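Coordinates in review
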Amino acid sequence: MADEIKTEAAPAPERTERSGGGERSGGGERGGGGRGPRPGGSGGGREGGRKFFRRKKVCKFCVEKIDSIDYKDYRTLGQFVAESGKIVPRRLTGVCTPHQRRLSTAIKLARNIALLPFAGRAS
Amino acid sequence: MNRTYELMFIVRPDMPEEEQEKLISTLESAMTSSGGAMKKVERMGKRRLAYTVRRFYEGVYILLTVEGSGGLVHELERRLRVTEPVIKFLTVRVDEEQKRLEKIKKIRDSRRKASATAAAAPAEAAVEAPATTA
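Within any chain, residue numbers begin from 1 and follow the written order of that chain's sequence. The order in which chains are written sets their letters, starting at A; the order in which ligands are written sets their numbers, starting at 1. With pLDDT at 70 or above as the cut-off, local features in this predicted model cover only qualifying residues; side-chain atom pairs require 80 or more to be listed or tallied, and sums for whole chains, interfaces and linings still use all residues. Side-chain measures here rest on the full set of heavy atoms in the structure, leaving out hydrogens and waters.

**What to know about the interface of chain B and chain A**
- Contacts were defined at the residue level, with two residues in contact if any of their heavy atoms lie within 4.5 Å. Taken residue by residue, the interface counts 20 residues in chain B and 18 residues in chain A.
- Note on chain B versus chain A: buried area summed over both sides is about 1,800 Å², and carbon and sulfur give 58% of it.
- Definition used for salt bridges: Asp or Glu carboxyl oxygen within 4 Å of a side-chain nitrogen of Lys or Arg. Where chain B meets chain A, there are three salt bridges.
- The salt bridge involving Glu6(B) is made with Lys72(A); its shortest N-O contact spans 2.9 Å.
- Pairing of N or O atoms within 3.5 Å defines a polar contact, subject to two protein rules: one partner must be a possible hydrogen donor and the other a possible acceptor, and residues neighboring in sequence count only if both atoms are side-chain atoms. There are twelve residue pairs in polar contact (both at pLDDT 80 or more) connecting chain B and chain A. Two parts lose some accessible area (1.4 Å probe) when they are put together, and adding that loss for both gives the buried area.

**Here we look at helix H7 (residues 97–112) of chain A**
- For helices the rule is a DSSP run of H or I covering at least 4 residues; for strands it is a run of E covering at least 2, with both sets numbered from the N terminus onward. The length a helix should cover is 1.5 Å for every residue beyond the first. Taking 1.5 Å of rise per residue, 16 residues should cover 22 Å, and H7(A) covers 23 Å from first to last C-alpha, within 8% of that figure.
- Looking only at H7(A), the buried set comprises His99(A), Gln100(A), Leu103(A), Ser104(A), Ala106(A), Ile107(A), Ala110(A) and Arg111(A). The buried residues of H7(A) occupy an angular sector of 165° when the element is viewed end-on, so they sit on one face.
- Residues of H7(A) that are buried in the fold lie against helix H4 (60–63), helix H5 (74–78) and helix H6 (90–93) of chain A together with strand S2 (37–53) of chain B.
- Of the residues one or two after H7(A), Ala114(A) is the one with positive phi, at around 65°. Here the term buried applies to any residue with accessible area under 20% of the maximum for its type, exposed to any over 50%, and partly exposed to those in between, with areas from a 1.4 Å probe on protein chains only. The directions considered for the arc are those from the helix axis to the C-beta atoms.

**Structural notes on the pairing of strand S1 (residues 3–11) of chain B**
Residue and element names in this part refer to chain B.
- Counted residue by residue, S1 has eight buried out of nine residues, so it is predominantly covered.
- Sheet analysis places S1 next to strand S3 (residues 56–68), joined by nine bridges and oriented antiparallel. Within S3, the residue paired with Phe9 across the bridge is Ile62.
- Strand pairing is assigned whenever DSSP identifies at least 2 bridges connecting the two strands. In the sheet, S1 pairs with strand S4 (residues 86–93) via seven bridges, with the strands oriented antiparallel. For Glu6, the partnering residue across the bridge sits in S4 and is Val92.

**Details of the environment of Lys39(B)**
Residues and elements named next belong to chain B.
- Summarising the element assignment, Lys39 is placed in strand S2.
- On a C-alpha basis, the gap between Lys39 and Val66 in space is 5.7 Å, while along the polypeptide they are 27 residues apart.
- Side chain to side chain, Lys39 and Glu67 meet in a polar contact 3.4 Å long.

**A short note on the packing of aromatic side chains**
- Put simply, two rings from Phe, Tyr or Trp (the six-membered ring, in Trp's case) pair if the centres are within 6.5 Å, and we call them stacked under 30 degrees between planes, edge-to-face over 60, tilted for the rest. Enumeration over the complete set of coordinates arrives at two aromatic pairs over all chains.
- Considering the side-chain rings of Phe61(A) and Phe80(A), the 5.3 Å spacing of their centres and the 35° angle between planes classify their relative orientation as tilted. With Phe61(A) in helix H4 and Phe80(A) in the loop between H5 and H6, this residue pair connects regions lying 19 residues apart in the sequence.
- Phe61(A) gets classed as buried once you look at its relative accessible area, which sits at 1%.
- Its relative accessible area of 3% is what places Phe80(A) among the buried residues.
- Taking 5.3 Å as the distance between ring centres and 45° as the angle between the ring planes, the aromatic pair formed by Phe118(A) and Tyr51(B) counts as tilted. Of the two residues, Phe118(A) sits in the segment after H7 while Tyr51(B) sits in strand S2, which places them in two different chains.
- Over a ring means this: the NZ of a Lys or the CZ of an Arg is within 6 Å of the ring centre and within 35 degrees of the ring normal. The residue whose ring lies beneath Arg47(B) is Tyr74(A), and the NZ or CZ to ring-centre distance is 3.9 Å.

**Side note on helix H1 (residues 17–33) of chain B**
Residue and element names in this part refer to chain B.
- Here H1 contains 17 residues, and its C-alpha end-to-end distance of 24 Å stays within 8% of the 24 Å for a straight helix at 1.5 Å per residue.
- Regarding H1, the residues found buried are Gln20, Leu23, Ile24, Leu27, Ala30 and Met31. Around the axis of H1, the buried residues are gathered within 120° of arc, so they sit on the same side. Among the exposed residues of H1, those pointing more than 90 degrees away from its buried face are Glu18, Lys22 and Ser33.
- In this structure, the buried side of H1 is in contact with S1, S2, S3, helix H2 (70–82) and S4.

Encoded structure:
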């Protein structure tokens, strides 16, 4: 219980700190992707969601007790794929190592069966 | 040696339902003739593809859960490859993963039970314990 309270209290000072980091990663993505105008709205929302997880620095799969990362579940996988179609690194998402390993395999399988794009947005 | 596989394939969006049925039934007969079995058929419906496949922007996803040997999968994949309306397929072995999940579940259940019995000693607290773990 004590831990929960602590994590609830923590985000307030961290928020300002991390938002700087978010901007930095955004800049990196822009440099890497570089293809056309990016569809903002929903993507930005997802980005925000990811930032939220990153702020808390916990693994989504550990917290929600998702044991199986399924390649068919493209909605969940989509949260861990950048606009450019790249797999988002662990240091940005906060996913733990074992889960990131499974996640990346699942994303690769999903790409193979055209559930997720190899590059660029699904158009 | 029986294994469980998930066989997912995409057929072209203009393929009529009856022909899909026919394709699935021929695949099933191929399975049964080589000692396998089809455990489940799931039609995931028409979906937009993440990228164009053979100039198609969308496709009908079909998921079969198959039990059988590796040779059977080889045969099924060969069949899918020569079936013209099938534009993409993917076979994934799932039994190992299922085994792993069961193991995790067992560990988790035993832990839950242990915590429940620990909580049961103070009489009323037992009711509270499952609520917090759930």
